[in-house]
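If you want the building blocks of each chain, they are given just below.
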Amino acid sequence: MIVTVVSVPDGGTTTVSVPEARRRLATDRFLLLGVELPEAEGPAEGPAEGPAEEPVVRQLGLDDEDLEWFGRPGGSPRAEFLGDTAGFVVPVVRAGQVHQVHALASETFLVVVHWGRRAGLAGDIRALVRRERPRDAVAALFLLLQEALSTFRRAAVQALLQVEELEDDMFEARRPEQIYRLSQLRRHSAVLHHALLPYLQGVDEVITRRMLSPDFPVERQRLAQEFQRAARLVLADIESLQDATRRAFASYGSLVAGEQNGVINRLAIVSVIFLPLSFLTGFFGMNFEFLTNRLETRDEFWLLAVGLQLVAVVGSLFLLHRSRIWRRLRDDD
């Protein structure tokens, strides 16, 4: 376990030992603490066991029965107030994957736990601290929550741009790999929506309940309202991505249907040309008395057999040229 302390004035970080972090949590008036756990302890590995894997809350001196979930891998998104502390399981997007970050805030400290460097928000939080300079741990917590939302917004916007580029490419040249890529982006939008929606519902319920309390400070009400407004915008971006993927699938289907219509039109033209020829061939192949007794010369045969077929072909082409099918096929080409 790697424990770092984020300096509020300049956003710098200092690595400290677990006993030192425990001491500072008990004495400092304002402390931002980041805890990085190995990726092997992530959600796929299950809960830690054995004496060497003591829970994070106990190692940091935050032992509480209601905080047993804090620092444990896995679990669903969470947002709850526990007396003077607030605990969150926050989803974040890193490299196209949804990870979880645990956050615990009180009046004096903010502790953030993540697994591996890829899932963390350490660099983002340092930049936010340097720019915003939060006055207390609660303000820093809302910065963390806002930055987690920003990861979803960036992922949604990037995927939306890819969908629009694929849709433009489809109209120029349709290829099979485009539908596969669209399927991946549609799945990605579903993952983002599935990860964010339960979390936002839980956070919105908790924040709304706290805002109804008369002792909730006005400044924190403003921070909560800004977070709720940003959450609605991010959720709208993800829903726009879902709509865009559906529209792109519909466009792909329309292009396929258009190509099939073109093939059907060409088959109709061939049928119109050869149907009279087939009729004439079948007619003159019958042993009627007129055909066997009256057509005695070669000239009569060529006149009827070839002349009628030429008239049929020319007439068919003339009718096709005057019809909508020919004009539609010409326009498509």
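Let us look at the structure shown here. Computed from a prediction, not measured in an experiment: that's the story for all the values here. (Residues numbered from 1 in each chain as written. Predicted model: local features only at pLDDT ≥ 70, side-chain atom pairs only at ≥ 80, totals over all residues. Heavy atoms only, no water.)

**What about the pattern of salt bridges?**
Reasoning step 1: Tallying each qualifying case throughout the model produces 9 salt bridges.
Reasoning step 2: One salt bridge connects arginine 153 with aspartate 237, and the closest N-O pair in it is separated by 4.0 Å. Taken together, the residues span a long stretch of sequence, with arginine 153 in helix α4 (residues 137-172) and aspartate 237 in helix α6 (residues 218-284) at a distance of 84 residues.
Reasoning step 3: With a relative accessible area of 27%, arginine 153 lands in the partly exposed category.
Reasoning step 4: When its relative accessible area of 27% is taken as the criterion, aspartate 237 is described as partly exposed.
Reasoning step 5: Its salt-bridge partner being arginine 175, residue glutamate 177 comes within 3.0 Å of it at the nearest N-O pair.
Reasoning step 6: For glutamate 177, a relative accessible area of 45% corresponds to the partly exposed category.
Reasoning step 7: Look at arginine 175 and you get partly exposed, because its relative accessible area is 34%. (Salt bridge = Lys/Arg side-chain N within 4 Å of Asp/Glu carboxyl O. Helix = DSSP H or I, 4+ residues; strand = E, 2+ residues; numbered from the N terminus. Buried < 20%, exposed > 50% of the residue type's maximum accessible area, 1.4 Å probe, protein only.)

**Quick look at the pairing of strand β3 (residues 31-37)**
Reasoning step 1: Extensive coverage of β3 is indicated by the burial of 7 of its 7 residues.
Reasoning step 2: A two-sided burial pattern is seen for β3, the buried positions comprising Leu31, Leu33, Val35 and Leu37 on one face and Leu32, Gly34 and Glu36 on the other.
Reasoning step 3: Inspection of the sheet shows strand β1 (residues 2-6) paired to β3 by 5 bridges, in the antiparallel sense. When the sheet's bridge partners are listed, valine 3 is paired in β3 with valine 35.
Reasoning step 4: Here 7 bridges tie β3 to strand β7 (residues 109-115), and the two strands are oriented parallel to one another. Counted as the bridge partner of leucine 32 is leucine 110 from β7. (Pairing = 2+ DSSP bridges.)

**So, a nonpolar patch on the surface**
Reasoning step 1: Together, Phe279, Phe283, Met286 and Phe288 give the surface a local cluster of nonpolar side chains, amounting to about 410 Å² of exposed area.
Reasoning step 2: As for its position among the elements, methionine 286 is in the loop between α6 and α7 (289-293).
Reasoning step 3: By relative accessible area, which is 41% here, methionine 286 ends up partly exposed. (Patch = residues over 30% accessible without salt bridge, like charges linked within 9 Å, V, L, I, M, F, W, Y side chains within 5 Å. Areas by Shrake-Rupley, 256 points an atom, 1.4 Å probe, with all protein chains shown as cover.)

**Some words on the environment of glycine 34**
Reasoning step 1: Within the fold, glycine 34 resides in strand β3.
Reasoning step 2: In the structure, glycine 34 is positioned 80 residues away from histidine 114 in sequence and 8.1 Å away in space, judged by C-alpha atoms.

**So, the sheet that holds β1**
Reasoning step 1: Here we have 7 strands laid out as an open sheet, ordered β2-β1-β3-β7-β6-β5-β4, and mixed in their pairing. Strands at the two margins of the open sheet, each flanked by one partner only, are β2 (13-16) and β4 (78-82). Ignoring which end each strand starts from, the neighbouring axes of this sheet average 25 degrees apart.
Reasoning step 2: In this sheet, β2 lies alongside β1 in antiparallel orientation, the contact comprising 4 bridges. Bridge pairing links threonine 4 to threonine 15 in β2.
Reasoning step 3: Against the sheet, α4 contacts β3, β5 (85-94), β6 (97-105) and β7, and its axis sits at roughly 25 degrees relative to β5. (Axes fitted to C-alpha atoms, helices over the stretch in contact; angles between N-to-C directions. Contact = heavy atoms within 4.5 Å.)

**Notes on the nonpolar core**
Reasoning step 1: Ranked by size, the top nonpolar core spans 58 residues in total, and within it Phe88, Leu110 and Phe227 carry the most contacts.
Reasoning step 2: Those elements giving two or more residues to this core turn out to be β5, β6, β7, α3 (122-132), α4, α5 (176-211) and α6.
Reasoning step 3: Here the element with the most residues in this core is α4; it accounts for 18 residues.
Reasoning step 4: Among residues more than four places away in sequence, those in contact with phenylalanine 88 are Trp69, Arg78, Ala79, Val101, His102, Ala103, Leu141, Leu145 and Val203. (Core = buried A, V, L, I, M, F, W, Y, C linked by side-chain atoms within 4.5 Å.)

**Concerning the pairing of β5**
Reasoning step 1: Taking burial as the measure, the 10 residues of β5 include 10 buried ones, the bulk of the element.
Reasoning step 2: Burial along β5 is two-sided: Thr85, Gly87, Val89, Pro91 and Val93 and Ala86, Phe88, Val90, Val92 and Arg94, pointing in opposite directions, are all buried.
Reasoning step 3: Relative to β5, β4 runs antiparallel, the two sharing 5 bridges. Paired with leucine 82 across the two strands is threonine 85, which belongs to β5.
Reasoning step 4: Across 9 bridges, the pairing between β5 and β6 is antiparallel. In the strand pairing of β6, proline 91 is matched with glutamine 100.

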